[in-house]
Amino acid sequence: MLKIFNTLTKKKEPFKFLYTEIINIYVCGVTVYDLCHIGHARTFLVFDIIIRYLEHIGYKIFYVRNITDIDDKIIYKANNQKESINLFVDRMIKLMHEDFLRLNLKIPDYEPRVTEYMIDIISSINILLKKEYAYIKNNGDVLFSINKYKNYGFLSHRLKNYGSNNPASCCSVDFNHSNDFVLWKSHTNNSDPFWKTPWGPGRPGWHIECSAIINKFFKNRVNIHGGGIDLLFPHHENEIAQLKSLNRSFSVPFWIHVGMVVIDNQKMSKSLSNTVFIRDLLEKYDSEIIRYYILLTHYRHPLSFTEKKLYLSKNILTKIYTSLLNCTMVCSIPDDYEIKTRNLFKNQFYAAMNDDFNTPKVCLLLQKLSKYINKIKQKNILLSNVLAQDLIYFGNILGLLYQDPKQFLFPNHKQHKIDIFIIKKLVHMRHIYRLDKKWHLADIIRKKLLTLGVVIEDNRINSTYTFTKK
Ligand SMILES: [Zn+2]
């Protein structure tokens with residue numbers, strides 16, 4: 001059974017939900033004031049893997065990731081560049097989508113932009129004011145009173161005297177009035193955007209955006225709430241305080257946090273000019289190499305970014321793809337064919353993934369399997385072909401090994417250039433087959449597209465496709 005480390009309890013817990021229920025997942029998205037960097041890539045790639053795996057083992061997912069499109073940094077940046085905030089934000093979101101598409105990230109079912117949910121945010125603050133969880137300051141700001149919410153600090157294990165109920169609690173903090181946080185910033189600067197409310201014009205604080213959006217999209221529960229570990233406190237602590245104050249029965253059984261990315265043991269920051277942008281990496285490396293590189297470190301550990309390790313990932317993936325070279329598809333393999341050898345790898349794969357998504361172990365397994373294929377290629381062609389298929393199958397679960405080996409190994413070879421016209425034709429044909437409910441034919445086209453390095457994603461509205469290669 002799948003076990004996931006839950007930040008709430010600091011324990012690996014069984015993921016016990018029934019396969020018949022929809023798993024609600026909310027991940028805090030990007031504040032779009034700059035290009036996306038390797039930290040974003042890691043966080044969203046980890047949730048991409050988690051969602052892929054949950055879907056693989058049979059769950060249906062409902063995934064929402066917000067976009068913060070109003071914020072001090074956004075206003076500053078747009079003003080600085082003499083660009084309207086709307087145009088600036090639209091441009092940044094477009095660039096973010098380009099990066100995420102090239103990273104082959106799963107597209108959320110909904111990607112709400114904060115400014116489009118202002119009515120919900122204002123109504124949430126209104127409820128908090130009415131329930132006296134919030135108060136208006138003299139300057140017109142609205143603050144959340146953390147003393148009114150008795151479990152404040154529970155999620156991030158900072159709650160005083162909670163030891164007996166919360167054995168994972170490591171530190172006690174005395175929270176007081178000075179920790180009250182902003183729900184609404186009153187309008188002070190004439191040139192800043194603002195929204196009208198019964199308590200005065202202004203704009204929302206960051207934390208209430210997520211709570212209001214979660215409340216809007218999910219009824220009473222988010223099964224998994226995720227984000228970078230830097231969001232645990234105060235952002236997620238504030239989010240859950242607001243959510244519970246708005247709706248006492250709201251529950252978030254699993255909190256998953258992704259470790260930080262550090263550059264030469266330092267946090268990425270503007271002042272150090274050490275930010276590594278996704279699009280710069282994609283200029284130099286295939287998106288699968290970046291994916292493999294991120295999977296080599298367990299998602300909860302800090303990831304120390306070095307180009308040396310990226311080269312290492314490139315070498316490993318090159319070896320794996322080389323082992324797949326000249327392997328051919330074997331149709332109708334008997335179920336019990338070499339079952340012992342195949343199960344050995346299969347069991348290890350699922351054991352590692354079920355152990356809190358232990359992708360470093362899975363990466364080692366893929367390498368081991370690839371070496372084994374090389375070893376037996378001369379002696380047993382059939383088995384090597386079957387194991388190559390298994391290797392691709394495991395890789396695909398993680399969003400890897402989608403390409404034709406020749407395409408990965410010799411990307412500049414003319415013969416392997418993707419003809420965009422053919423791709424569009426195939427995508428269109430598949431769409432027609434799907435409309436006609438000819439699933440088998442649609443699936444044949446999907447597989448064909450995969451060999452061309454094109455990944456098809458079906459969301460609730462339509463199908464989109466992304467290139468795993470530029
Ligand atoms: Zn959030």
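Being a predicted model, the structure only gives us computed values, none of them experimental.

Visitor: Help me get a handle on the overall build of the chain, residues and values and all.
Guide: For the chain, the count of helices and strands is 15 helices and 15 strands. Taken along the three principal axes of its C-alpha coordinates, the chain extends 80 × 55 × 50 Å. Counting all 470 residues of the chain, 52% fall into the buried class. Partitioning the contacts of the chain with sequence separation of at least 6, the portion at a separation of at least 24 is 74%. Total accessible area on the chain stands at roughly 23,000 Å², and carbon and sulfur atoms take up 55% of it. Computing the positive centroid from 66 side-chain charges and the negative centroid from 43, the chain places the two 4 Å apart.

Visitor: Which residues make up the coordination of the zinc ion, and what are the values?
Guide: Binding of the zinc ion to the protein goes through Cys28 (SG), Cys210 (SG), His235 (NE2) and Glu239 (OE), at separations of 2.1 to 2.2 Å. In this structure, the zinc ion is coordinated by 4 donor atoms arranged in irregular fashion, with angles at the metal of 81 to 128°. The sequence pattern formed by the donor residues of the zinc ion is C-x181-C-x24-H-x3-E. Taken together, the residues span a long stretch of sequence, with Cys210 in helix H5 (residues 206-217) and Glu239 in helix H6 (residues 232-246) at a distance of 29 residues. Cys210 sits in the buried class, given a relative accessible area of 1%.

Visitor: Hey, could you go over the packing of helix H8 (residues 287-295) against helix H9 (residues 307-324) for me, with residue numbers and the actual values?
Guide: Their axes nearest at 9 Å, the elements H8 and H9 cross at an angle of 110°. Put simply, H8 runs roughly perpendicular to H9. Seen along the crossing, H8 lies across H9 with a hand that is right-handed. For the pair H8 and H9, the contacting residues are Glu288, Ile289, Ile290, Tyr292 and Tyr293 in the first and Lys309, Leu310, Ser313, Lys314, Ile316, Leu317, Ile320 and Tyr321 in the second. Across the contact of H8 with H9, the residue classes break down as 9 nonpolar, 1 polar and 3 charged.

Visitor: Tell me about the pairing of strand E1 (residues 3-6), and please be specific about residues and values.
Guide: Of the pairings in the sheet, the one linking E1 to strand E2 (residues 11-14) comprises 4 bridges and is antiparallel in character. Residue pairing across strands places Ile4 opposite Glu13, the latter belonging to E2. The antiparallel pairing of E1 with E2 creates a hairpin that spans 4 residues between the two strands, and Lys10 there sits at a positive phi of about 60°.

Visitor: Provide a residue-level description of the pattern of salt bridges, including the pertinent values.
Guide: Tallied over the full model, the rule gives 20 salt bridges. A salt bridge links Arg279 to Glu98; the nearest nitrogen and oxygen atoms lie 3.1 Å apart. Separated by 181 residues along the polypeptide, Arg279 in helix H7 (residues 278-284) and Glu98 in helix H3 (residues 85-102) bring together distant segments of the chain. Classification of Glu98 as partly exposed rests on a relative accessible area of 33%. Overlapping salt bridges bring together Lys94, Glu98, Asp99 and Arg279 as one network.

Visitor: I'd like a rundown of the domain arrangement of the chain, residues and numbers included.
Guide: Many descriptions give the size of an interface as the accessible area lost when the pieces come together. Partitioning the chain into domains gives domain 1 (3-258), domain 2 (263-401) and domain 3 (414-467). Once you take the C-alpha centre of each, domain 1 and domain 2 turn out to be 32 Å apart. A combined buried area of about 3,100 Å² lies between domain 1 and domain 2, and 63% of that area is made up of carbon and sulfur atoms. It is Ile38, Arg42 and Tyr53 in domain 1 that bury the most area against domain 2; as a group they hold 25% of the surface buried on that side.

Visitor: So what about the sheet that holds strand E8 (residues 202-204)? Which residues, and what values?
Guide: The strand order across the open sheet built from 4 strands is E5-E6-E7-E8, with neighbouring strands paired in antiparallel fashion. Strands with a single pairing partner mark the edges of an open sheet, and in this sheet they are strand E5 (134-136) and E8. Looking at each pair of strands side by side, their axes are set apart by 20° on average, direction ignored. Sheet topology places strand E6 (residues 142-144) next to strand E7 (residues 181-186); 3 bridges connect them, and they run antiparallel. Considered in E7, the bridge of Leu143 is made with Val182.

Visitor: I'd like a description of the pairing of strand E4 (residues 60-68), backed by residues and values.
Guide: Counted residue by residue, E4 has 8 buried out of 9 residues, so it is predominantly covered. Bridge count for strand E3 (residues 22-31) against E4 is 8 bridges, and the pairing is parallel. Opposite Tyr26, over in E4, you have Val64 as the bridge partner. The handedness of the E3 to E4 crossover, carried by helix H1 (residues 38-56), is right-handed.

Visitor: So, H5: which residues are in play, and what are the values?
Guide: The terminal C-alpha atoms of H5 lie 18 Å apart, and with 12 residues this matches the ideal 16 Å at 1.5 Å per residue to within 8%. Counting buried positions over the 12 residues of H5 gives 9, a clear majority of the element.

Visitor: So what about the packing of aromatic side chains? Which residues, and what values?
Guide: The relative placement of two aromatic rings is captured by the distance of their centres and the angle of their planes. Summed over all chains, the structure comprises 25 aromatic pairs. Each ring, one from Tyr110 and one from Phe217, has its centre 5.2 Å from the other, and the planes form 45°; the classification is tilted. Of this pair, Tyr110 sits in the loop between H3 and helix H4 (118-130) while Phe217 is found in helix H5, placing the two residues 107 residues apart along the sequence. For Tyr110, a relative accessible area of 40% corresponds to the partly exposed category. Relative to Phe181, the ring of Phe144 lies with its centre 5.0 Å away and its plane at 15°, an arrangement referred to as stacked.

Visitor: Outline the UniProt feature "domain: Cysteinyl-tRNA synthetase class Ia DALR" (unreviewed entry) in the chain, supporting the account with residue identities and numerical values.
Guide: Per the UniProt record, "domain: Cysteinyl-tRNA synthetase class Ia DALR" (unreviewed entry) is annotated on residues 348-409. Counting secondary structure, residues 348-409 comes out at 76% helix and 0% strand; the distance between its end C-alpha atoms is 28 Å.

Visitor: Explain the nonpolar core to me, and be specific about the residues and the numbers.
Guide: Inside soluble globular proteins, nonpolar side chains tend to come together where they are buried. The biggest cluster of nonpolar side chains holds 138 residues, and the ones touching the most others in it are Phe15 and Phe305. Among the elements that make up this core, the one with the highest residue count is H1 (11 residues). Setting aside anything within four residues of it in sequence, one finds Phe15 in contact with Met1, Leu2, Ile4, Ile23, Leu54, Tyr59, Ile224 and Phe254. Of all hydrophobic cores here, the second largest spans 7 residues; its members include Ile423, Val427, Leu449 and Ile456.

Visitor: Can you lay out the packing of H1 against H8 for me, pointing to particular residues and giving the numbers?
Guide: Viewed as axis vectors pointing N to C, H1 and H8 meet at an angle of 80°, and their least axial separation amounts to 10 Å. If you check the angle between H1 and H8, you find them roughly perpendicular. Between H1 and H8, the contacting residues are Ile38, Ala41, Arg42, Leu45, Asp48, Ile49 and Arg52 on the first element and Arg291, Ile294 and Leu295 on the second. Looking at the contact of H1 with H8 residue by residue, the class counts come to 6 nonpolar, no polar and 4 charged.

About the cut-offs
Residues numbered from 1 in each chain as written. Predicted model: local features only at pLDDT ≥ 70, side-chain atom pairs only at ≥ 80, totals over all residues. Heavy atoms only, no water. Helix = DSSP H or I, 4+ residues; strand = E, 2+ residues; numbered from the N terminus. Buried < 20%, exposed > 50% of the residue type's maximum accessible area, 1.4 Å probe, protein only. Contact = heavy atoms within 4.5 Å. Areas by Shrake-Rupley, 256 points an atom, 1.4 Å probe, with all protein chains shown as cover. Lys, Arg positive; Asp, Glu negative; His and termini not counted. Charge placed at Lys NZ, Arg CZ, Asp CG, Glu CD. Donors = N, O, S within 2.8 Å, 3.2 Å for Na, K, Ca; no water. Tetrahedral: all angles 85-135°; square planar, octahedral: opposite > 155°, others 65-115°. Axes fitted to C-alpha atoms, helices over the stretch in contact; angles between N-to-C directions. Parallel < 35°, antiparallel > 145°, perpendicular 65-115°, else oblique. Left-handed = near helix turned anticlockwise from the far one by under 90°. Nonpolar A, V, L, I, M, F, W, Y, C, P; charged D, E, K, R; others polar. Pairing = 2+ DSSP bridges. Salt bridge = Lys/Arg side-chain N within 4 Å of Asp/Glu carboxyl O. Domains from an automatic or database assignment. Buried area = accessible area lost by both parts, 1.4 Å probe. Right-handed = clockwise from strand over helix to strand, strands pointing away. Expected span 1.5 Å × (residues − 1). Phe/Tyr/Trp six-rings, centres within 6.5 Å; stacked < 30°, edge-to-face > 60°. UniProt positions renumbered as here; feature names shortened; annotations may be inferred. Core = buried A, V, L, I, M, F, W, Y, C linked by side-chain atoms within 4.5 Å.

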